[in-house]
Amino acid sequence: MSEPVTPRRSPAITLSTSSVYPGSCADAFETAARLGYDGVEVMVWTDPVSRDAVALRRLAEHYGMPVLSVHAPTLLLTQRVWGRDPWTKLELSVELAQDLGADVVVAHPPFRWQREYAAGFVDGVREVSRRTGTAIAVENMFPWRAGGRDLLAYSPGWEVVDEDYDQVTLDVSHAATSGRDAQELARELAGRLRHLHLTDGSGSAKDEHLVPGRGAQPVAGLLGDLVDAGFTGHVVAEINTRRSRAPGERERDLAETLAFARRHLRQS
């Protein structure tokens, strides 16, 4: 008698709350539910709801949209959210994730001026993750450019392949801005790839966060590779819709992103 075949779990396709900016967290939950996403990634932001576990649980329950991941407030624009100490920000992000039942926290590498944080970042992230049981997936970044020169804004660096991170978030737009091929980057990361920010880029010096398929990155091939490799992490739509002007344009872009993900993850 043959052994039963265990069905392969398909990656969840979720919506980052940053994809509805300048809309609110509540807008993101409502949009994700209406379009048929599997859940939400909460970007901890200046919106007070984004750091309020009780309010977020109510939104998740009301819309039937679980929070599957949390993005720590590590952007320039969130430097004062939860104070200025970066380790406190990371610990509070993990606490929020655990309160919400999310299994991943996304973090950016430190800025170069955060010298003490940067010096212990790789080992510190590993220690926090092991102690709390929550995956901390460090995101690939890109060099800043000014006057035709690359500026080294991050430490240990913007490139994640060469650092000893246990788990990594691959952002396709960041790969494009850094001049990297996202599909090849995913192959280099192999088993360390835990989380994907689904978007696109043309290779511009600007971090574009285009709808997948509208840039120059091999996003379809990347998703196909993930399916073949048995990837079971989260695929998070993180596109820039803040310039949406025409009625319904934001919703159409988010629906197109979801359809692209389903098609190339072979879910439809």
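Computed from a predicted structure; not experimentally measured. (Residues numbered from 1 in each chain as written. Predicted model: local features only at pLDDT ≥ 70, side-chain atom pairs only at ≥ 80, totals over all residues. Heavy atoms only, no water.)

Structural notes on the nonpolar core
Where we set the bar: Throughout, nonpolar core names a set of buried Ala, Val, Leu, Ile, Met, Phe, Trp, Tyr and Cys residues whose side chains join them through atoms within 4.5 Å. Each residue is assigned to one of three classes by its accessible area relative to the maximum for its type, calculated with a 1.4 Å probe on protein chains only: buried under 20%, partly exposed between the two thresholds, exposed over 50%. Two residues form a contact once any of their heavy atoms are found within 4.5 Å.
Counting residues in each nonpolar core, the largest one holds 65 residues, and the members touching the most others are Phe29, Tyr37, Val70, Leu196 and Leu222. With near-sequence residues (within four places) excluded, Val70 lies in contact with Glu41, Val42, Val44, Ser93, Leu96, Ala97, Ala102, Val104, Val105 and Val106.

A few points about helix 7 (residues 182-189)
Definition in use: Only runs of H or I of at least four residues qualify as helices and only runs of E of at least two qualify as strands under DSSP, and these elements are numbered from the N terminus. The directions from the helix axis to the C-beta atoms are what the arc is built from. For this analysis, a polar contact is any N or O atom pair within 3.5 Å, provided that within protein one partner can donate a hydrogen and the other can accept it, and provided that sequence-adjacent residues contribute only side-chain to side-chain pairs.
Within the sequence span of helix 7, burial applies to Ala182, Gln183, Leu185, Ala186 and Leu189. For helix 7, the arc enclosing every buried residue in end-on projection is 160°, short of the 170-degree limit, so these residues lie on one face. Those residues of helix 7 that are buried are in contact with strand 8 (168-171), helix 6 (172-177), strand 9 (193-198) and helix 8 (219-228). For helix 7, the capping residue at the N-terminal end is Asp181, with a side-chain oxygen 2.9 Å from the backbone nitrogen of Gln183. Remark: Ala190 follows helix 7 within two positions and exhibits a positive phi of approximately 50°.

So, the sheet that holds strand 9
Put simply, the rule reads: For two strands to count as paired, DSSP must find a minimum of two bridges between them. Helix axes are fitted to C-alpha atoms over the stretch in contact, other axes to C-alpha atoms as well, and angles between N-to-C directions run from 0 to 180 degrees.
Here eight strands make up a closed barrel; going around it, the order is 1-2-3-4-5-8-9-10 and the pairing parallel. Across this sheet, the average inter-strand angle for adjacent strands is 30°, counted without regard to direction. In the sheet, strand 9 pairs with strand 10 (residues 234-237) via four bridges, with the strands oriented parallel. Bridge pairing links His197 to Val236 in strand 10. Across the face of the sheet, helix 8 comes into contact with strand 8 and strand 9 while running at roughly 150° to strand 9. Each of strand 1 (12-16), strand 9 and strand 10 touches helix 9 (residues 249-264); the most contacted strand, strand 1, lies at about 160° to it.

A look at helix 3 (residues 86-100)
Let me state the cut-off plainly: Multiplying 1.5 Å by the residue count of a helix minus one yields the expected span of that helix.
The end-to-end C-alpha distance of helix 3 is 21 Å, a good match for the 21 Å that 15 residues give at a rise of 1.5 Å each. Listed as buried for helix 3 are Pro86, Lys89, Leu90, Ser93, Val94, Leu96, Ala97 and Leu100. For helix 3, the angular spread of the buried residues around the axis is 160°, confining them to a single face. In this fold, the buried residues of helix 3 make contact with helix 2 (53-63), strand 3 (67-71), strand 4 (104-107), helix 4 (115-119), helix 5 (121-132) and strand 5 (135-139). Looking one or two places after helix 3, you find Gly101, whose phi comes out positive at around 80°.

Some points on the packing of helix 1 (residues 25-35) against helix 2
Let me state the cut-off plainly: Should an angle fall under 35 degrees it is called roughly parallel, over 145 degrees roughly antiparallel, and 65 to 115 degrees roughly perpendicular, with every other angle called oblique. Each crossing gets its handedness from the near helix: less than a right angle anticlockwise from the far helix is left-handed, clockwise is right-handed.
Where helix 1 contacts helix 2, the axes come no closer than 10 Å and their chain directions differ by 20°. Regarding the angle of helix 1 to helix 2, the classification is roughly parallel. You can see that helix 1 and helix 2 cross each other, and the crossing is right-handed. Contacts between helix 1 and helix 2 involve Cys25, Ala26, Phe29, Glu30 and Ala33 from the former and Leu56, Leu59, Ala60 and Tyr63 from the latter.

Some words on unusual backbone geometry
Following Tyr21, the chain continues into Pro22 via a peptide bond in cis, with omega recorded as 10°. Summarising the element assignment, Pro22 is placed in the loop between strand 1 and helix 1. Each neighbour pair has its own omega, and for Ser155 with Pro156 the value is 5°, a cis peptide bond. The residue Pro156 is located in the loop between strand 7 (149-151) and strand 8 in this model. The phi dihedral of Trp82 falls on the positive side, at around 60°, and the residue is not glycine. We note that His209 has phi near 50°; this positive angle belongs to a residue other than glycine. Structurally, His209 can be placed in the loop between strand 9 and helix 8. Residue His209 is classed as buried on the basis of its relative accessible area of 10%.

Details of the pattern of salt bridges
We apply this condition: A side-chain nitrogen of Lys or Arg and a carboxyl oxygen of Asp or Glu constitute a salt bridge if their distance falls within 4 Å.
Scanning the model with the defined rule gives 14 salt bridges in all. Taking the shortest distance from any N to any O, the salt bridge between Arg34 and Glu251 comes out at 2.2 Å. Placement of Arg34 in helix 1 and of Glu251 in helix 9 is noted, with a sequence separation of 217 residues between them. Between Glu256 and Arg214 there is a salt bridge, with its nearest N and O atoms 2.7 Å apart. With Glu256 in helix 9 and Arg214 in the loop between strand 9 and helix 8, this residue pair connects regions lying 42 residues apart in the sequence. With relative accessibility at 34%, the residue Glu256 sits in the partly exposed group. Salt bridges here are not isolated pairs; linked through shared partners, they connect Asp123, Arg126, Asp164 and Asp166.

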